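Results of the structural survey
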Amino acid sequence: MTFSDLKLSEPLIKAVKARKYDDPSPIQIETIPAILSGRDVLAASQTGTGKTAAYTLPILDLLSSKGNRAISNHVRTLILAPTRELAAQIYDSVVNYGRFLDLKSTVAYGGMKINPQMIRMTKGMDILVATPGRLLDLYRQNAVKFEQLEILVLDEADRMLNLGFSEEISEILKLIPSKRQTLMFTATFSDEVKSLASGLVKNPIEISINPQEITVDSISQWVYPVDKMKKTALFIQLLKRKPNDRVLVFTKTKNRADHLVQKLEKAGFSAVAIHGDKSQGNRTRSLEEFKSGIVSILVATDLAARGLDIDGLPLVVNFDLPHLKEDYIHRIGRTGRAGAVGQAISFVSDDEFLKLKDIERLTKQVIDRIVIPGFELETPLRESKLDVRPFKPKKPKKNKKENNLKD
Ligand code: ADP
Ligand code: MG
């Protein structure tokens, strides 16, 4: 199967060739014809499987081949994403895949001045990528109008719900035409996602690539049991053994991220942190520095790192286990992207044992442990046995803790 077999127009085939993609990925093979046919789509596949192109390519095709150009302040396609970084990344893809087409697109998220975004909207947009909060702000300022809306995309639907965006989404749904094409993408197909979908998509084509296999096979996972106080020392030792690798490392709080960066810098490593307290400009710069290799260590909290597409990352370190067990899957999904091999190492102290158990239950495996010489625990970490009971699905709810981090 090639991109030409999918009946995409020539300017899109050319753009894909320029990106050096050989063939479409499985999710792209399934979704592209479905979207081109005008149907609603509900699609789930693991992170790193190429979901962005799976909807961006056919949308660009549809917008350039039919319909009317957007008049001032109107949008033809709205792509909603849960975080600023993700919105920016999707927008980059839209621009990249659409470079041989004459379509207008823009991106809007919080943490940036709203005025320039309002001015850009006066031109009318074929595609607007936005976070839900900023979109509603723009709407309230009369900068965005939806009468011409043809396509709605919800990317990372599962994460939207985890971040408590369900109210914003309901509000947006009331504003947009009910006659439209709706596309929903998610990494996990939970019952919460299904219930959100029921109010959103009509008679959808449901596509699900390997959803039961939660973690990617190409990622080798390890647990390093360690005393809480010795995590930094262990991390520095690990870095010394892998001096040339770029490392994405997760901490459970913003404070711990900043603190770790300080310690690493003292030890002579170049590290930057991204989290919700950093300004947008700062976050973008740090990410660029990490992507280009200027700094080799990126310390992140879960929200800041969600959905980031960083090519060829060989190693993810969970300095702390995540608050939400689902985030473990999202975190380690930053490595082993698009078929490459990756390593995910989790530092687990005794107080994190129950979190480890939940993660193992969720991913249906017991993760191998390695005790690093010099870091033996006085009382060894409790043994885990595989708990085969599935988790009960929860009702979608607002996550208060993360509310202050929203756009
Ligand atoms: P997801 O949204 O499923 O996590 P992304 O859309 O971010 O995945 O894509 C992950 C990576 O795979 C990106 O670097 C993207 O450029 C690359 N990619 C997408 N489609 C293809 C393809 N057909 N062939 C090779 N690489 C691809
Ligand atoms: Mg994605």
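So, how was this worked out
Residues numbered from 1 in each chain as written. Chains lettered and ligands numbered in written order. Predicted model: local features only at pLDDT ≥ 70, side-chain atom pairs only at ≥ 80, totals over all residues. Heavy atoms only, no water. Helix = DSSP H or I, 4+ residues; strand = E, 2+ residues; numbered from the N terminus. Rg over C-alpha atoms; globule rule 2.2 N^0.38 Å. Buried < 20%, exposed > 50% of the residue type's maximum accessible area, 1.4 Å probe, protein only. Contact = heavy atoms within 4.5 Å. Lys, Arg positive; Asp, Glu negative; His and termini not counted. Charge placed at Lys NZ, Arg CZ, Asp CG, Glu CD. Pairing = 2+ DSSP bridges. Axes fitted to C-alpha atoms, helices over the stretch in contact; angles between N-to-C directions. Parallel < 35°, antiparallel > 145°, perpendicular 65-115°, else oblique. Left-handed = near helix turned anticlockwise from the far one by under 90°. Core = buried A, V, L, I, M, F, W, Y, C linked by side-chain atoms within 4.5 Å. Phe/Tyr/Trp six-rings, centres within 6.5 Å; stacked < 30°, edge-to-face > 60°.

Remarks on the overall build of the protein chain
- From N to C terminus, the protein chain includes 16 helices and 13 strands.
- Here the C-alpha radius of gyration of the protein chain, 22 Å, is about what a compact globule of 407 residues would show, namely 22 Å.
- In terms of overall dimensions, the protein chain has C-alpha extents of about 70 × 40 × 40 Å along its principal axes.
- For the protein chain, buried positions account for 53% of its 407 residues.
- Considering only residue pairs separated by 6 or more positions, the protein chain has 75% of its internal contacts joining residues 24 or more positions apart.
- Distance between charge centroids for the protein chain: 3 Å, based on 62 positive and 50 negative side chains.

Here's the deal with unusual backbone geometry
- The phi torsion at Asn203 lies on the positive side, around 40°, for a residue other than glycine.
- In this fold, Asn203 is placed in the loop between α9 (191-198) and β7 (205-208).
- Asn203 gets classed as exposed once you look at its relative accessible area, which sits at 60%.
- If you check the backbone angles, Lys364 has positive phi at about 55° while not being a glycine.
- Using a relative accessible area of 57% as the deciding quantity, one classes Lys364 as exposed.

Description of the pairing of strand β8 (residues 219-225)
- A large share of β8 lies buried, amounting to 5 of its 7 residues.
- In this structure, β8 lies alongside strand β13 (residues 342-348), joined through 7 bridges in parallel fashion. Among the inter-strand pairings, Tyr224 is bridged to a residue of β13, identified as Phe347.

What about the packing of helix α4 (residues 84-97) against helix α12 (residues 280-292)?
- Between α4 and α12, the least distance of the axes is 11 Å, while the angle of their chain directions is 60°. Taken together, α4 and α12 sit at an angle that is classed as oblique. Crossing of α4 against α12: the hand is right-handed. Counted together, Arg84, Glu85 and Gln89 of α4 and Gln280, Arg283, Leu287 and Lys291 of α12 form the full contact between these two elements.

Overview of the nonpolar core
- One finds Tyr55, Leu57 and Leu183 to be the most contacted residues of the largest nonpolar core, which totals 38 residues.
- Looking at this core, the elements with two or more residues in it are α1 (10-18), α2 (26-36), β1 (41-44), α3 (51-65), α4, β4 (125-130), β5 (151-154) and β6 (181-186).
- The element that contributes the greatest number of residues to this core is α3, accounting for 8 residues.
- Setting aside anything within four residues of it in sequence, one finds Leu57 in contact with Phe3, Leu8, Leu12, Val16, Ile32 and Tyr97.
- Residues Leu128, Ala143, Leu152 and Ile176 belong to the second largest nonpolar core, which totals 36 residues.

Side note on the packing of aromatic side chains
- Scanning all chains against the criterion turns up 8 aromatic pairs.
- Arranged with centres 5.0 Å apart and planes meeting at 50°, the rings of Tyr55 and Phe185 form a pair that is tilted. With Tyr55 in helix α3 and Phe185 in strand β6, this residue pair connects regions lying 130 residues apart in the sequence.
- A centroid spacing of 6.1 Å and a plane angle of 80° characterise the contact between Phe235 and Phe319, whose relative ring orientation is edge-to-face. Of this pair, Phe235 sits in helix α10 (residues 231-241) while Phe319 sits in the loop between β12 (315-318) and α14 (325-332), and the two are 84 residues apart along the sequence.

Quick word on the side chain of Ser93
- Relative to the helices and strands, Ser93 is located in helix α4.
- Given the relative accessible area of 11%, Ser93 is considered buried.
- Once you skip the residues sitting within four places of it in the chain, Ser93 turns out to touch Thr52, Thr56 and Gly98.

A word on the sheet that holds β13
- Spatially, 6 strands are ordered β8-β13-β12-β9-β11-β10 in an open sheet, and the strand pairing comes out parallel. Edge strands, defined here as strands with exactly one partner in the open sheet, are β8 and β10 (271-274). The average angle at which neighbouring strand axes cross in this sheet is 20°, direction not considered.
- Summarising the sheet, strand β9 (residues 247-250) and β12 pair through 4 bridges and their orientation is parallel. Across the sheet, Phe250 pairs through a bridge with Asn318, a residue of β12.
- Where helix α11 (residues 254-266) meets the sheet, its contacts fall on β9, β10 and β11 (297-300), and the angle it forms with β10 comes to roughly 175°.

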